[in-house]
Amino acid sequence: MKAITKSPWIMHYDASSCNGCDIEVLACLTPLYDVERFGVINTGNPKHADILLITGGVNEQNVEIVKQLYEQMAEPKVVAAIGACACTGGIFAECYNIRGGIDTVIPVDAYIPGCAVRPEALIDGVVAALGILEVKQKNMKKRK
Amino acid sequence: MGERTVIPFGPQHPVLPEPIHLDLVLEDETVVEAIPQIGYIHRGLEKLVEKKDFKQYVFVAERICGICSFIHSLGYCLSVEKVMGIEVPERATFLRTMWSELSRIHSHVLWMGLVADGYGFESLFMHSWRLREQILDLFEETTGGRVIFSACEVGGVRKDVTVEQLQKIKSTMISFEKELQEITNVFLNDASIKSRTKGVGVLTKQMAYDLGAVGPTLRASGVASDLRSTGYAAYGKLNFEPIIETDGDCYARTAVRIRETFQSIDLVKQCVDMMPEGDVRVDVKGNPDGESFIRLEQPRGEVLYYTKANGSKFLERYRVRTPTFANLAPLLEMLKGCDLADVPVIVLSIDPCISCTER
């Protein structure tokens, strides 16, 4: 089970962000920042993912999809809200179609601010989320 | 006639960084019809003009889309300046043009990476994104931001560029051009890539024109329509020709974007060489009153901005029609009769930007 916290797989979903944070998520995986060298792989399958990276302020049409993605992920799992919009709604908080932060829909473990988020901050936040993942994993073992 | 099946494509799909949903109606492996469902990124940005005043709204306009962020803020500023009759200093127009062209390079190279990932060529994806970082470094050095850099404001630009920075931009462009040549050779000449793009998703000239395609999608079908020729910002003083291809398939659309990237490199060099001295902004006094209509060329095509102001500090209406919206109708035509396996490549070939489309 140690492999999960050593090389977690991430899944990214855009819940109505402007794209800025999404391309920074991908930039983390590409050669300049290259988190893939640690075994972090971007997957499209929620059942394979350990960390869910969500950007954007969740609009009404996305609510169900975000919930479904979260529920389909296997335990232990952590959610990271990427960027100002995912944390609080950001600049779009006053828009009529925006719910606010991701935590209005699913529980969030790490908040990573920035507009657009910087890759360094993102990596830092994901490392913090890994600590939470480890704790969750230990708690799961205790329950057994 | 075989039995029909419906396969959902999206909203969460590995090849799409953004959510769009297509219901693909299949007969065996062939797509008969594609029914789009949009609204996953609709935020209601246009209504925000009632809550943010016209000087603040430039930051919202910039966040219509994070990839062509600068061009959206430029479009907003141009429309408000047109309403208010503001004359922007010449140096600011050149800086705006330079940043627009750098944005276009960044957007096209980003797209090359995504499309390479679309047909499973992962190392090419990595190489494209590695090159793109050089452009982001230039943004960061000149403005402080990587993808959203808030450099434009009503009345000019917020940041000036030093002589050393201009020289660095030029020298980066020269080395970037050489490195880009290496990867674009693969896109244009690799046999396995050609087999995925040649003759796939054909859009004829007549269809492209009738369905109202814009940008590289239209130019790849042989229509020379490039809004930069209208000479907004400093484009009137630069030397360039719209790039066209005639085949109208995915290969032609790739070729148009690649040639445009080299053209943009040339335009950035021209901007650096011709950069005039002087101020970069003028003070804006009073509130806008009136209407304006502005058309610009985004990396993805023609974008329209309509602005209506009533003399208060809040605009009455701000309307944007973005290129991907115009390209969705042609996309649905291209998808008819294609193989299921070609769907990702065809969808990516219009360079969809959903957050622009839905705002």
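Parameters and conventions
Residues numbered from 1 in each chain as written. Chains lettered and ligands numbered in written order. Predicted model: local features only at pLDDT ≥ 70, side-chain atom pairs only at ≥ 80, totals over all residues. Helix = DSSP H or I, 4+ residues; strand = E, 2+ residues; numbered from the N terminus. Rg over C-alpha atoms; globule rule 2.2 N^0.38 Å. Buried ≥ 20, exposed ≤ 12 C-beta atoms within 10 Å, placed from the backbone. Contact = placed C-beta atoms within 7 Å. Pairing = 2+ DSSP bridges. Axes fitted to C-alpha atoms, helices over the stretch in contact; angles between N-to-C directions. UniProt positions renumbered as here; feature names shortened; annotations may be inferred. Nonpolar A, V, L, I, M, F, W, Y, C, P; charged D, E, K, R; others polar. Core = buried A, V, L, I, M, F, W, Y, C linked by C-beta atoms within 7 Å. Right-handed = clockwise from strand over helix to strand, strands pointing away.

Participant: Help me understand the overall build of chain B, please; the structure alone is not making it clear to me.
Facilitator: Each helix and strand counted, chain B has twelve helices and eight strands in total. Computed over C-alpha atoms, the radius of gyration of chain B comes to 20 Å, within 12% of the 21 Å expected from 2.2 N^0.38 for 359 residues, which places it in the range of a compact globule. Dimensions of chain B, computed from the C-alpha atoms along their principal axes, are close to 70 × 45 × 35 Å. Taking all 359 residues of chain B together, the buried fraction comes to 54%. Look at the contacts in chain B between residues 6 or more apart in sequence, and 70% of them connect residues 24 or more apart.

Participant: Can you help me understand the overall build of chain A in this one?
Facilitator: Summing up its helical and strand segments, chain A has five helices and five strands in all. When its helices and strands are written in sequence order, chain A yields α-β-α-β-β-α-β-α-β-α. In terms of overall dimensions, chain A is globule-like: its C-alpha atoms have a radius of gyration of 14 Å, near the 15 Å expected for 144 residues. Overall, chain A is about 45 × 35 × 20 Å in size when its C-alpha atoms are taken along their principal axes. The buried share of chain A, reckoned over its 144 residues, is 51%. For chain A, the share of sequence-separated contacts (at least 6 apart) that also reach a separation of at least 24 residues comes to 79%.

Participant: Mind showing me how you'd approach the sheet that holds strand E6 (residues 289-298) of chain B here?
Facilitator: In any sheet, the strands associate via hydrogen bonds between backbone groups, in a parallel or an antiparallel arrangement. Residues and elements named next belong to chain B. On the basis of which strands lie adjacent, the open sheet formed by three strands has the order E6-E7-E8 and antiparallel pairing. Strand pairing shows two members of the sheet lacking a second neighbour, E6 and strand E8 (315-321), which therefore form its edges. Averaged over all neighbouring strand pairs, the angle between strand axes comes to 10 degrees, with direction disregarded. By the bridge criterion, ten bridges tie E6 to strand E7 (residues 301-310) in an arrangement that is antiparallel. Paired with Leu-296 across the two strands is Val-303, which belongs to E7. Along the sheet, helix H2 (residues 69-84) makes contact with E6 and E7, crossing E6 at roughly 150 degrees. Running over the sheet, helix H10 (residues 323-335) touches E6, E7 and E8 and is turned about 130 degrees from E7.

Participant: Whenever I open this one, the UniProt feature "binding site: Ni(2+)" (unreviewed entry) in chain B confuses me. Can you help?
Facilitator: Under the present numbering, the feature "binding site: Ni(2+)" (unreviewed entry) in UniProt falls on Cys-65, Cys-68 and Cys-353 of chain B. In three dimensions, the annotated residues from a span of 289 residues occupy one location, with a maximal C-alpha spread of 9.4 Å. Mapped onto the elements of the fold, Cys-65 of chain B is located in the loop between helix H1 (57-62) and H2. Among the residues examined, Cys-65 of chain B registers 30 C-beta atoms within 10 Å and is labelled buried. Apart from residues lying up to four places away in sequence, Cys-65 of chain B is in contact with Cys-18 and Asn-19 of chain A together with His-72, Cys-353, Ser-355 and Cys-356 of chain B. Overall, Cys-353 of chain B belongs to the buried group, with 28 C-beta atoms counted inside 10 Å. When near neighbours in sequence (up to four residues on either side) are disregarded, Cys-353 of chain B contacts Asn-19 of chain A together with Cys-65, Ile-67, Arg-300 and Thr-324 of chain B.

Participant: Where do I start with the UniProt feature "binding site: Mg(2+)" (unreviewed entry) in chain B in this structure?
Facilitator: All names here are of chain B. Mapped onto this numbering, the UniProt entry annotates "binding site: Mg(2+)" (unreviewed entry) at Glu-46 and Val-320. For the annotated residues, spread through 275 residues, the largest C-alpha to C-alpha distance comes to 7.9 Å, consistent with a single compact locus. Note on Glu-46: 18 C-beta atoms within 10 Å, which makes it partly exposed. Discounting residues that sit within four places of it in the chain, Glu-46 has contacts with Tyr-318, Arg-319, Val-320 and Arg-359. With respect to the helices and strands, Val-320 occurs in strand E8.

Participant: I would appreciate a short explanation of the sheet that holds strand E1 (residues 9-14) of chain A in the present structure.
Facilitator: Residues and elements named next belong to chain A. One open sheet holds the five strands; their spatial order is E2-E1-E3-E4-E5, and the pairing between them is parallel. Each having just a single partner strand, strand E2 (41-42) and strand E5 (110-112) make up the two edges of the open sheet. Bridge analysis of E1 against strand E3 (residues 51-55) gives five bridges, and the strand direction is parallel. Residue pairing across strands places Tyr-13 opposite Ile-54, the latter belonging to E3.

Participant: Any chance you could explain the interface of chain B and chain A here in plain terms?
Facilitator: In many analyses, interface size is given as the accessible surface area lost on bringing the parts together. Residue-level contacts link 35 residues of chain B with 31 residues of chain A. Contributions of two or more residues to the side of chain B that touches chain A are made by H1 and helix H4 (122-143) of chain B. Here the side of chain B that touches chain A takes four residues from H4 of chain B, the largest share from any one element. The residue makeup of the side of chain B that touches chain A, split by class, is 19 nonpolar, eight polar and eight charged.

Participant: I keep staring at the nonpolar core and nothing clicks. Help me out?
Facilitator: Within soluble globular proteins, side chains that are nonpolar tend to cluster in buried spots. Residues Ile-51, Leu-52, Ile-54, Ala-80 and Ile-82 of chain A are the most contacted members of the largest nonpolar core, which totals 157 residues. Examining the composition of this core, we find that 14 residues originate from one element, helix H3 (residues 90-118) of chain B, more than from any other. Sequence-distant contacts of Ala-80 of chain A, defined by excluding residues within four places in its chain, comprise Ile-51, Leu-53, Asp-109, Ala-110, Ile-112, Gly-125, Val-126 and Ala-129 of chain A.

Participant: Can you help me understand the UniProt feature "domain: NADH:ubiquinone oxidoreductase-like 20kDa subunit" (unreviewed entry) in chain A in this one?
Facilitator: The UniProt entry lists residues 18-128 of chain A under the feature "domain: NADH:ubiquinone oxidoreductase-like 20kDa subunit" (unreviewed entry), expressed in the numbering used here. Taken end to end, residues 18-128 of chain A is 32% helix and 14% strand, and its first and last C-alpha atoms sit 25 Å apart.

Participant: It is not clear to me how the environment of Glu-50 of chain B should be interpreted in this structure. Could you clarify?
Facilitator: Tracing the backbone through its elements, the reader meets Glu-50 of chain B in the loop between strand E3 (30-37) and H1. In the structure, Glu-50 of chain B is positioned 267 residues away from Arg-317 of chain B in sequence and 8.3 Å away in space, judged by C-alpha atoms.

Participant: Quick question: what am I supposed to make of the pairing of E1 of chain A here?
Facilitator: A regular strand places its side chains on the two faces of the sheet in alternate fashion. All names here are of chain A. Where burial is concerned, most of E1 is hidden: five out of the six residues are buried. Relative to E2, E1 runs parallel, the two sharing two bridges. Looking across to E2, one finds that Trp-9 is bridged to Ile-41. Where the polypeptide runs from E1 across helix H2 (residues 20-29) and back to E2, its parallel neighbour, the crossover connection is right-handed.

Participant: Would you take a moment to explain unusual backbone geometry for this structure?
Facilitator: One can expect most non-glycine residues to show negative phi and most peptide bonds to be in trans. The omega angle of the peptide bond from Glu-75 of chain A to Pro-76 of chain A is -10 degrees, so this bond is cis rather than trans. Along the polypeptide, Pro-76 of chain A turns up in the loop between helix H3 (63-72) and strand E4 (78-82). The amide bond that connects Cys-115 of chain A to the next residue, Ala-116 of chain A, takes the cis arrangement and shows omega of -15 degrees. Mapped onto the fold, Ala-116 of chain A is located in the loop between E5 and helix H5 (119-143). Phi is positive for Val-58 of chain A, which is not a glycine, with a value near 55 degrees. Along the chain, Val-58 of chain A falls in the loop between E3 and H3. Here Ala-233 of chain B, not a glycine, exhibits a phi torsion of approximately 45 degrees, which is positive.

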